[in-house]
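For reference, the chains in residue letters:
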Amino acid sequence: MKPVPANSLSAGFYSEQAELEEAALRVMRSGWYILGEETAGFEREFAAWLGAPAAVGVANGTDALMLALKVVGVNAGDGVFTVSHTAVATVAAIEMLGAVPLLVDVDNQTLTMCPHSLLRAIHTAHRLGIPLKAVVPVHLYGHPCDIGALIALAREFDLRVVEDCSQSHGAEFQGRKTGTFADISAFSLYPTKNLGAFGDAGVIATADLEVAERLKMLRQYGWRERNNSEIPGVNSRLDELQAALLRVRLKSLDSRTRRRQEIAQEYQRAFGGILQTPVVLSGCSHVFHQYVVRSDDRDQLQQRLRQAGVATMIHYPKAVHQQTAYAGRLPLVDSLATTESQVARILSLPMFPEMSDEMVQQVCRAVLDRCTAAL
Ligand SMILES: *Cc1c(COP(=O)(O)O)cnc(C)c1O
């Protein structure tokens with residue numbers, strides 16, 4: 001039997017090769033490569049798909065978070081709450097502004113920001129005298145965080161909210177897409193994401209058209225017009241080639257999401273009874289950026305699956321506060337007990353829309369065999 005990879009980016013390309021190649025050639029032949037019709041078109045189409053009034057393309061997801069935080073007023077020294085169980089980029093973006101990441105624990109069911117932990121952390125940070133500015137909840141793995149409760153808390157304590165939607169393109173909370181709840185939201189369009197470019201890319205969504213205009217200035221040296229910087233900005237442009245390819249990818253995003261959900265259903269049916277599988281809370285939809293199971297024998301399970309030709313990954317093997325760059329350096333504002341206990345139990349099974357039914361069945365059989373043998 002052929003091995004099953006954890007993901008396959010080339011399968012994504014070949015599934016719409018003709019249209020993607022046509023789009024790439026169109027840009028190369030046009031002679032216009034940065035901030036043109038393709039970027040404007042992608043921003044328009046992405047905003048319409050999301051149900052947001054405006055979207056602004058930027059160079060990558062980390063910049064999207066950084067610029068979103070900057071535009072809501074985060075400055076050097078400000079405290080910004082986020083989770084430790086996330087891609088390190090979430091925390092890196094906060095530090096790019098000289099702001100102070102304040103790490104909050106996750107809820108054991110969804111592994112996303114726990115509102116109770118946030119409340120405790122707010123009180124602790126107040127006692128420590130840290131000026132508080134914003135919260136960055138992450139819709140991890142494709143499941144919405146408890147965004148309603150988090151926004152209510154943020155409002156109570158006058159904190160701005162930036163949703164990190166890098167893993168949740170299209171996921172819904174109470175019938176509305178993630179990325180439309182907070183003041184502003186950031187999406188990575190890195191190749192592995194549910195909506196992925198063929199290189200680095202990111203996009204910011206906002207309901208405030210003035211904020212969108214400001215972001216368009218910030219992403220290019222503070223220019224409204226060429227060669228006249230009105231505010232200090234950066235270079236974080238989305239290029240035309242990526243934008244044109246993303247326009248193609250956006251059209252098939254919803255059907256690719258449905259295929260992910262179908263695979264997840266199949267997994268749940270096959271081994272939901274013997275492994276801890278992902279929850280989908282009522283009122284939420286899960287877009288399965290990752291399909292993360294949990295096991296006390298995680299390493300053994302991973303090894304046995306590898307022997308059966310099934311590749312898996314761990315997202316992420318260490319929480320942010322456990323990594324060398326951050327360990328012991330950030331202010332402690334709450335216990336990270338759930339984060340620390342679950343990081344050793346998580347395992348991401350193969351999940352990509354181009355998986356054949358045969359591959360899905362191969363994963364199901366391997367998990368069933370190896371699990372029943374292990375337990
Ligand atoms: C991928 C990712 C990012 C960063 O995106 P880049 O495009 O790689 O900069 C930020 N947050 C989360 C949760 C991510 O998964």
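None of the values given here were measured: they were computed from a predicted structure. Along each chain, residue indices are assigned from 1 in the same order as the chain's sequence is written. Where totals are concerned, whole chains, interfaces and linings use all residues; where local detail is concerned, this predicted model gives features only for residues with pLDDT of at least 70, and gives and counts side-chain atom pairs only at 80 or more. Side-chain measures here rest on the full set of heavy atoms in the structure, leaving out hydrogens and waters.

Concerning the overall build of the chain
Right, on to step 1. A tally of regular secondary structure across the chain gives twelve helices and 13 strands.
Right, on to step 2. Restricting the calculation to C-alpha atoms gives the radius of gyration, and the globule rule supplies 2.2 Å times the number of residues raised to the power 0.38. The globule rule puts the C-alpha radius of gyration for 375 residues at 21 Å, and the 21 Å found for the chain is close to it.
Right, on to step 3. Dimensions of the chain along its principal axes, counting C-alpha atoms only, are 65 × 60 × 40 Å.
Right, on to step 4. A 1.4 Å probe rolled over the protein chains alone gives each residue an accessible area, and that area as a share of the maximum for its type sets the label: buried under 20%, exposed over 50%, partly exposed in between. Scored against the burial criterion, the 375 residues of the chain give a buried share of 57%.
Right, on to step 5. Whether two residues touch is decided by their heavy atoms; if any such pair falls within 4.5 Å, the residues are in contact. When contacts within the chain are restricted to residue pairs at least 6 apart in sequence, those whose partners lie at least 24 apart make up 71%.
Right, on to step 6. Accessible areas in this description were obtained via Shrake-Rupley with a 1.4 Å probe; residue shielding takes into account the shown protein chains only. Just so you have it, the chain exposes about 15900 Å², and 50% of that area is on carbon and sulfur atoms.
Right, on to step 7. Charge assignment in this entry is limited to Lys and Arg as positive and Asp and Glu as negative, and neither His nor the chain termini are counted. Lys charges are placed at NZ, Arg charges at CZ, Asp charges at CG and Glu charges at CD. Charge-centre separation for the chain: the mean point of 36 positive side chains lies 2 Å from the mean point of 40 negative side chains. Where helices and strands are cited, they refer to DSSP runs of H or I of at least four residues and of E of at least two residues respectively, numbered from the N terminus.

Digging into the layout of surface pockets
Right, on to step 1. Each pocket or cavity is described by its volume, and for the largest pocket that value is around 450 Å³.
Right, on to step 2. Note on definitions: the grid is 1 Å and covers protein atoms alone; a cavity is a set of points where a 1.4 Å probe fits but cannot get out; a pocket is an open set with protein on both sides within 12 Å along at least five of seven lines; lining residues have an atom within 4 Å of a point. Together, 28 residues line the largest pocket, and Tyr190, Thr192, Lys193, His289 and Tyr316 are the ones closest to its centre.
Right, on to step 3. Think of it as three bins: nonpolar holds Ala, Val, Leu, Ile, Met, Phe, Trp, Tyr, Cys and Pro, charged holds Asp, Glu, Lys and Arg, and polar takes everything else, Gly as well. By residue class, the composition of the lining of the largest pocket is ten nonpolar, 14 polar and four charged.
Right, on to step 4. Segmentation of the chain into domains, including their bounds, is taken from an automatic or database domain assignment. Looking at which domains feed residues into the lining of the largest pocket, each of domain 1 (9-248) and domain 2 (252-374) gives three or more.
Right, on to step 5. Around the second largest pocket, the lining comprises 17 residues; the ones closest to its centre are Leu35, Lys216, Arg219, Gln220 and Arg224.
Right, on to step 6. When contributions to the lining of the second largest pocket are tallied by element, the ones reaching two or more residues are α3 (37-50), α8 (209-218) and β10 (223-225). Grid points are joined across faces, edges and corners, and a volume is the space filled by probe spheres set on the points.

Re helix α9 (residues 240-271)
Right, on to step 1. Helix span, expected: 1.5 Å multiplied by one less than the number of residues in the helix. Spanning 32 residues, α9 covers 44 Å between terminal C-alpha atoms, matching the ideal 46 Å at 1.5 Å per step.
Right, on to step 2. Nitrogen and oxygen atoms within 3.5 Å of one another constitute a polar contact, given that in protein one can donate a hydrogen and the other can accept it, and given that sequence-neighbouring residues count only through two side-chain atoms. For α9, the N-terminal capping position is held by Asp239, with its side-chain oxygen 3.1 Å away from the main-chain nitrogen of Leu241.

With respect to the site of the ligand
Right, on to step 1. Within the structure, the ligand sits among 16 residues, and Gly61, Thr62, Asp164, Ser188 and Lys193 are positioned closest to it.
Right, on to step 2. Taking Gln167, its side chain carries an N or O atom lying 2.8 Å from an oxygen atom of the ligand.
Right, on to step 3. The side chain of Ser188 places a nitrogen or oxygen atom 2.6 Å from an oxygen atom of the ligand.
Right, on to step 4. In the complex, the protein chains occlude 90% of the 380 Å² of accessible area that the ligand would expose alone.
Right, on to step 5. Placement in a cavity or pocket follows one criterion, namely that more than half of the molecule's atoms lie within 2 Å of its grid points. Of the pockets mapped on this structure, the ligand occupies the largest pocket.
Right, on to step 6. Elements that contribute at least two residues to the shell around the ligand include exactly α4 (61-71) and α5 (88-96).
Right, on to step 7. Per-element tally for the shell around the ligand: the top contributor is α4, with three residues.
Right, on to step 8. Taken together, the residues of the shell around the ligand sort by class into six nonpolar, eight polar and two charged. Nearness here has a simple test: a residue counts as near a molecule or strand if at least one of its heavy atoms is within 4 Å of that partner.

Some remarks on unusual backbone geometry
Right, on to step 1. Cis peptide bonds are those with omega within 30 degrees of zero, and the linkage from His315 to Tyr316 qualifies with 5°.
Right, on to step 2. Within the element layout of this structure, Tyr316 appears in the loop between α10 (298-307) and α11 (337-342).
Right, on to step 3. Backbone geometry at Asn227 places phi at a positive 60°, although glycine is not the residue there.
Right, on to step 4. Residue placement: Asn227 occurs in the loop between β10 and β11 (228-229).
Right, on to step 5. The residue Phe288 is not glycine, and still its phi comes out positive at about 45°.
Right, on to step 6. Mapped onto the secondary structure, Phe288 falls in the loop between α9 and β12 (291-294).

Some remarks on the environment of Arg127
Right, on to step 1. Counting through the fold element by element, Arg127 comes out in helix α6 (residues 115-128).
Right, on to step 2. When the C-alpha positions of Arg127 and Val333 are compared, they lie 9.8 Å apart, and in sequence the two are 206 residues distant.

Side note on the packing of aromatic side chains
Right, on to step 1. Aromatic pairing here means that ring centres of Phe, Tyr or Trp (its six-membered ring) are within 6.5 Å. Orientation follows from the plane angle: under 30 degrees is stacked, over 60 is edge-to-face, and everything else is tilted. One pass over the full model with this rule turns up eleven aromatic pairs.
Right, on to step 2. Considering the side-chain rings of Phe173 and Phe181, the 5.6 Å spacing of their centres and the 85° angle between planes classify their relative orientation as edge-to-face. Comparing Phe173 with Phe181 shows no difference in burial state: the two are buried.
Right, on to step 3. The interplanar angle of 65° and the centroid separation of 5.0 Å between the aromatic rings of Tyr221 and Trp223 together place this pair among those described as edge-to-face.
Right, on to step 4. By way of ring pairs, the aromatic residues Phe42, Phe46, Trp49 and Phe187 are connected into one cluster.
Right, on to step 5. Over the aromatic face of Phe181 sits the side chain of Arg176, whose NZ or CZ is 4.2 Å from the ring centroid. For a lysine, the NZ atom is tested; for an arginine, the CZ atom; a charge sits over a ring if that atom is within 6 Å of the ring centre and within 35 degrees of the ring normal.

Observations concerning the nonpolar core
Right, on to step 1. The criterion is simple. A nonpolar core is a set of buried Ala, Val, Leu, Ile, Met, Phe, Trp, Tyr and Cys residues joined through side-chain atoms within 4.5 Å. Within the largest apolar cluster, 57 residues are counted, with the highest numbers of intra-cluster contacts made by Phe81, Leu118, Tyr267, Phe271, Tyr291, Leu349 and Met355.
Right, on to step 2. Considering each element in turn, this core owes the most residues, seven residues, to helix α12 (residues 357-374).
Right, on to step 3. Lining this core are residues from two domains, each supplying at least three of them: domain 1 (9-248) and domain 2 (252-374).
Right, on to step 4. Residue contacts for Leu118: discarding those within four places in its chain leaves Phe81, Val104, Met113, Val135, Leu150 and Leu153.

Remarks on the domain arrangement of the chain
Right, on to step 1. Each domain of the chain was delimited in the assignment, giving domain 1 (9-248) and domain 2 (252-374).
Right, on to step 2. Spacing between the C-alpha centres of domain 1 and domain 2 amounts to 24 Å.
Right, on to step 3. Taken together, the contact pairs 50 residues of domain 1 with 40 residues of domain 2.
Right, on to step 4. Buried area: the accessible area, evaluated with a 1.4 Å probe, that two parts lose upon being put together, summed over both parts. For the domain 1 and domain 2 pair, buried surface summed over both sides reaches about 3800 Å², with 56% attributable to carbon and sulfur atoms.
Right, on to step 5. For domain 1, the biggest contributors to the area lost against domain 2 are Tyr141, His143 and Asn194; these three give 19% of the whole.
Right, on to step 6. For this analysis, a salt bridge means a side-chain nitrogen from Lys or Arg found within 4 Å of a carboxyl oxygen belonging to Asp or Glu. At the surface where domain 1 touches domain 2, the tally comes to two salt bridges.

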